[in-house]
Amino acid sequence: MTLILAGSIRIAPERLEDLRPHLAAQVDGSRGEPGCLDYALTEDPLDPGLIRVFEHFTDEAALAFHRASPHMAAWRAACAELGVYERRMSSFDVSAYREI
């Protein structure tokens with residue numbers, strides 16, 4: 001069974017430029033982790049300041065590794081410093097999936 005985490009975060013639109021290097025670093029670090037199948041932090045083109053989050057991990061151990069990683073600590077610090085708010089996330093246990 002794999003895990004998908006999906007949701008969103010918000011930042012004041014005028015702080016987006018400051019957040020972008022941290023978005024790239026977080027995605028790059030996460031995609032290189034063992035057990036990370038996909039990871040995306042994407043700006044919503046119609047809602048400035050809304051960042052869509054999509055994470056896909058092989059299992060709970062991979063997610064735990066991700067949460068304990070140094071780049072995750074740096075991401076959390078950057079989010080706090082830049083005033084990221086309205087974090088809304090959901091976790092999905094996926095027993096089967098296929099490409100369509």
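Preceding block: the structure.
Remember, predicted model here, so these are calculated numbers, not experimental data.

(A) Structural context of helix H1 (residues 16-31). Along its 16 residues, H1 runs 22 Å from first to last C-alpha, staying within 8% of the 22 Å computed at 1.5 Å per residue. Here H1 has its buried residues at Leu16, Leu19, Leu23, Gln26, Val27 and Ser30. Elements that come into contact with the buried residues of H1 comprise strand E2 (36-43), strand E3 (50-57), helix H2 (60-67) and helix H3 (70-82).

(B) Main features of the sheet that holds strand E1 (residues 2-10). The strand order across the open sheet built from four strands is E2-E3-E1-E4, with neighbouring strands paired in antiparallel fashion. Each edge of the open sheet is held by one strand with a lone partner, namely E2 and strand E4 (85-94). The mean angle between the axes of side-by-side strands here comes to 10 degrees, regardless of whether they run parallel or antiparallel. Of the strand pairs in this sheet, E1 and E4 are connected by eight bridges, and their pairing is antiparallel.

(C) Structural view of the nonpolar core. Within the largest apolar cluster, 20 residues are counted, with the highest numbers of intra-cluster contacts made by Leu19, Leu23, Tyr39, Leu41, Ile51, Phe57 and Trp75. The set of elements that each furnish at least two residues to this core consists of E1, H1, E2, E3, H2 and H3. Not counting residues up to four positions away in its chain, the partners in contact with Tyr39 are Gln26, Val27, Ser30, Arg31, Phe54, Glu55, Phe57 and His66.

(D) Local environment of the packing of H1 against H3. The N-to-C vectors of H1 and H3 enclose an angle of 160 degrees; their axes lie 10 Å apart at closest approach. Overall, the two elements H1 and H3 adopt an arrangement that is roughly antiparallel. Read as a crossing pair, H1 and H3 show a hand that is left-handed. Mapping the contact onto sequence places Asp18, Leu19, His22, Leu23, Gln26, Gly29 and Ser30 in H1 and His71, Met72, Trp75, Ala78 and Leu82 in H3. Looking at the contact of H1 with H3 residue by residue, the class counts come to six nonpolar, five polar and one charged.

Analysis parameters
Residues numbered from 1 in each chain as written. Predicted model: local features only at pLDDT ≥ 70, side-chain atom pairs only at ≥ 80, totals over all residues. Heavy atoms only, no water. Helix = DSSP H or I, 4+ residues; strand = E, 2+ residues; numbered from the N terminus. Expected span 1.5 Å × (residues − 1). Buried < 20%, exposed > 50% of the residue type's maximum accessible area, 1.4 Å probe, protein only. Contact = heavy atoms within 4.5 Å. Pairing = 2+ DSSP bridges. Axes fitted to C-alpha atoms, helices over the stretch in contact; angles between N-to-C directions. Core = buried A, V, L, I, M, F, W, Y, C linked by side-chain atoms within 4.5 Å. Parallel < 35°, antiparallel > 145°, perpendicular 65-115°, else oblique. Left-handed = near helix turned anticlockwise from the far one by under 90°. Nonpolar A, V, L, I, M, F, W, Y, C, P; charged D, E, K, R; others polar.

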